[in-house]
Amino acid sequence: MVSIDRLKQITEAVRAADQLSVAELAALTGCSEMTIRRDLETLSEQGVLERFRGGARSLLLRGEEPPFALRAQEGVDVKRRLAAEVAALIADGESVVIDSGTTCLEVAHALAGRRLTVMPLSLHAANALTGGAQLTLLIPGGQPRPGELALTGPLALASLSALRFDTAVISCCGLTAEDGLTAYDLGDAAIKQAAIASSRRVIAVTEAGKLSRTALAHVAPLSALDAVVTEESASGAAIEALAAAGVTVRKV
């Protein structure tokens, strides 16, 4: 088992049980206790769990999103293909607002050399866009969330309300016909809503698994989206629901 898969397995196991011992985690993963202790130290530094003598307890609620550091290492090839498809939908000269999240970070990388005006909603994406000779970079105000570095709060909302974009690229934690686009964090949901309200066109980008998931905070109905970029493996029922709402679906 590679390290990222093991870290994810440990995170989910400790969250489900609230706390587990090093011995229990070693038996679960088939790794040595020394390896588990190193993994627990890594996850502790990321704010995922709290160490105690002989084990660890989760710091994540069951409805929370896994931390950015773990998500950033998952499905990188898929996220890059999704990002390339999103980039193909954006014409040179457009003004674009890019949401936070690991998939939108790949979109930022894909747009970095383009002739565009771009406002990223996370410091990770802002760093990815810095240095492009043709790109005009707009940095919003706001307070960065730890780890995620997504910009939230009244200053970020004010930055969005002051501008009008050609395209918003929005990530999601869940997207279904019944509940629309949803997010785990209430502050993040408010930022997504403001970005959608300030944009002429809205493109949602998401892995296939999120098309059957609903998170805590409602962001927008499917009718607020113009296009969804997702994986070829997305379920037929989910794609039909999007099409029925008038959303253009691009699959990669």
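Now for a quick tour of the structure. All figures in this text were calculated on a predicted structure; none of them were measured in a lab.

Definitions and cut-offs
- Residues numbered from 1 in each chain as written.
- Predicted model: local features only at pLDDT ≥ 70, side-chain atom pairs only at ≥ 80, totals over all residues.
- Heavy atoms only, no water.
- Helix = DSSP H or I, 4+ residues; strand = E, 2+ residues; numbered from the N terminus.
- Rg over C-alpha atoms; globule rule 2.2 N^0.38 Å.
- Buried < 20%, exposed > 50% of the residue type's maximum accessible area, 1.4 Å probe, protein only.
- Contact = heavy atoms within 4.5 Å.
- Areas by Shrake-Rupley, 256 points an atom, 1.4 Å probe, with all protein chains shown as cover.
- Core = buried A, V, L, I, M, F, W, Y, C linked by side-chain atoms within 4.5 Å.
- Arc of directions from axis to C-beta.
- Pairing = 2+ DSSP bridges.
- Axes fitted to C-alpha atoms, helices over the stretch in contact; angles between N-to-C directions.

1. Let's talk about the overall build of the chain
From N to C terminus, the chain includes 10 helices and 15 strands. Relative to the compact-globule value of 18 Å for 252 residues, the chain shows a C-alpha radius of gyration of 19 Å, a close match. By its C-alpha atoms, the chain is 55 × 40 × 30 Å across when sized along the principal axes. Classification of the 252 residues of the chain by burial places 49% in the buried group. When contacts within the chain are restricted to residue pairs at least 6 apart in sequence, those whose partners lie at least 24 apart make up 58%. In the structure as shown, the chain presents an accessible area of about 11,300 Å², 52% of it carried by carbon and sulfur atoms.

2. Observations concerning the nonpolar core
Among the nonpolar cores identified, the biggest contains 35 residues, and Leu 160, Leu 175, Leu 181, Leu 225 and Leu 242 are the most heavily contacted of them. Of all the secondary structure elements, the ones that give two or more residues to this core are helix H8 (154-161), strand S9 (165-170), strand S11 (180-183), helix H9 (186-197), strand S12 (199-205), strand S13 (217-220) and helix H10 (236-244). Top element by residues in this core is H9. It accounts for 5 residues.

3. Considering the environment of Thr 176
Here Thr 176 lies in strand S10 (residues 174-176). Linking Thr 176 and Glu 232, residues 56 residues apart in sequence, is a C-alpha distance of 17 Å. In this view, Thr 176 contacts Leu 211, Ser 212, Arg 213, Thr 214 and Leu 222; residues no more than four positions away in its chain are not counted.

4. Considerations on H8
Along H8, the residues classified as buried are Ala 156, Ser 159 and Leu 160. Angularly, the buried residues of H8 cover 95° about the axis, an arc narrow enough to put them on a single face. Away from the buried face of H8 by more than 90 degrees, exposed residues Pro 154 and Leu 155 are located. As for H8, its buried residues are in contact with strand S4 (95-98), strand S5 (117-120), strand S8 (151-152), S9 and H9.

5. Overview of the sheet that holds strand S3 (residues 55-58)
The antiparallel open sheet is built from 3 strands, whose spatial order is S1-S3-S2. The outermost strands of the open sheet, each flanked by one partner alone, are strand S1 (19-21) and strand S2 (49-52). Each adjacent strand pair in this sheet contributes to an overall mean axis angle of 20°, direction not counted. The pairing of S2 with S3 spans 4 bridges and is antiparallel. Bridging across to S3, Phe 52 finds its partner in Gly 55. Packing against the sheet, helix H1 (residues 3-17) makes contact with S1 and S3, and its axis sits at approximately 120° to S1. Packing against the sheet, helix H3 (residues 33-45) makes contact with S2 and S3, and its axis sits at approximately 135° to S2.

Any functional reading would require information that these geometric values do not contain.
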